[in-house]
Amino acid sequence: MSIRHGLLALLSKGPRYGYQLRVEFEASTGATWPLNIGQVYTTLSRMERDGLVAPGGTDEQGRAVYTITEAGREELERWFGTPVDQADRPRDELAIKLAMAVATGGVDVHAVVLAQRMAAMGALQKLTRAKRAASGGLAERLVLDSLIFKAEAEQRWLDHCEAVLREKKA
């Protein structure tokens with residue numbers, strides 16, 4: 001997900017000022033994707049340049065607010081309607097790390113897998129606690145559920161890696 005589309009989604013609910021967008025973005029994503037306020041304003045500036053948002057005056061406290069334009073609504077609709085392609089996701093650093101450990105030789109691949117397993121288990125426990133403590137509603141829950149499922153999938157994949165490594169030794 002791009003910050004751009006996340007901000008457009010929030011602006012589709014009505015005019016917002018920068019800090020408000022940052023807070024709502026982080027609340028919606030369960031604070032799993034913290035935003036720097038500079039990122040918010042840089043993104044708003046680019047979206048204004050591209051005709052996706054427009055300055056919307058100021059609120060009652062004098063803060064500059066932004067509104068989504070028709071072009072911004074069309075862009076948001078296009079984004080929501082387009083599936084995320086596997087090729088658009090970042091490279092899997094863990095898979096590359098394990099592949100390089102195997103290919104390099106002289107690396108204790110089992111130790112690499114164990115270290116990752118411990119880190120993944122810690123992350124899973126942290127995410128589970130965050131889900132129990134969450135109060136941000138459905139959006140936050142869905143993000144946390146996604147991260148939990150990914151951590152569980154990583155654990156299963158590490159199980160598979162260990163089985164393949166044992167098989168290779170035999």
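Everything that follows concerns the structure shown earlier in this document.
Below: a short report on this structure. (Residues numbered from 1 in each chain as written. Predicted model: local features only at pLDDT ≥ 70, side-chain atom pairs only at ≥ 80, totals over all residues. Heavy atoms only, no water.)

Next up on the list: the nonpolar core. If you look at the biggest cluster of nonpolar residues, it comprises 16 residues, and the most contacted ones within it are L7, L8, L11, L21, L44 and M47. Every element with two or more residues in this core is listed here: helix 1 (3–11), helix 2 (18–28), helix 3 (37–49) and strand 3 (64–68). Among the elements that take part in this core, helix 1 stands out by supplying five residues, more than any other. Residues in contact with L44, not counting those within four places in the same chain, are L11, G18, L21, V53 and Y66. Core analysis: the next-biggest nonpolar cluster, separate from the first, contains nine residues, L94, L98, V112 and V113 among them. (Core = buried A, V, L, I, M, F, W, Y, C linked by side-chain atoms within 4.5 Å. Buried < 20%, exposed > 50% of the residue type's maximum accessible area, 1.4 Å probe, protein only. Helix = DSSP H or I, 4+ residues; strand = E, 2+ residues; numbered from the N terminus. Contact = heavy atoms within 4.5 Å.)

On to the sheet that holds strand 2 (residues 53–58). The strand order across the open sheet formed by three strands is 1-3-2, and the pairing between neighbours is antiparallel. The outermost strands of the open sheet, each flanked by one partner alone, are strand 1 (16–17) and strand 2. Note: strand 2 against strand 3, four bridges, orientation antiparallel. Bridge pairing in strand 3 places P55 opposite Y66. Each of strand 2 and strand 3 is contacted by helix 3, which is oriented at about 115° to strand 2, the strand it contacts most. (Pairing = 2+ DSSP bridges. Axes fitted to C-alpha atoms, helices over the stretch in contact; angles between N-to-C directions.)

For the structure shown, the criterion picks out eleven salt bridges. E24 serves as the salt-bridge partner of K13, at 4.0 Å between the closest nitrogen and oxygen. You can see K13 sitting in the loop between helix 1 and strand 1 and its partner E24 sitting in helix 2, a full eleven residues away along the chain. Take E24: its relative accessible area is 19%, and that puts it in the buried class. Here R78 ties to E75 by a salt bridge, and the two come within 3.0 Å at their closest N and O atoms. Remark: E75 and R78 occur in helix 4 (residues 70–81); sequence separation between them is three residues, near one turn of the helix. (Salt bridge = Lys/Arg side-chain N within 4 Å of Asp/Glu carboxyl O.)

Attention shifts here to the packing of helix 5 (residues 93–104) against helix 7 (residues 138–169). Helix 7 packs onto helix 5 with a crossing angle of 15° between their chain directions and a minimal axis gap of 12 Å. Considered as vectors, helix 5 and helix 7 are oriented roughly parallel to each other. Crossing handedness for the pair helix 5 and helix 7: right-handed. Residues L94, A95, L98 and V102 of helix 5 pack against E154, W157, L158, C161 and L165 of helix 7. Partitioning the contact of helix 5 with helix 7 into residue classes produces eight nonpolar, no polar and one charged. (Parallel < 35°, antiparallel > 145°, perpendicular 65-115°, else oblique. Left-handed = near helix turned anticlockwise from the far one by under 90°. Nonpolar A, V, L, I, M, F, W, Y, C, P; charged D, E, K, R; others polar.)

For helix 1, the tally of buried residues reaches seven of nine residues, placing the bulk of the element in the interior. Where the residues of helix 1 are buried, they touch strand 1, helix 2, helix 3, strand 2, strand 3 and helix 4.

All we've got here are geometric facts, nothing functional implied.
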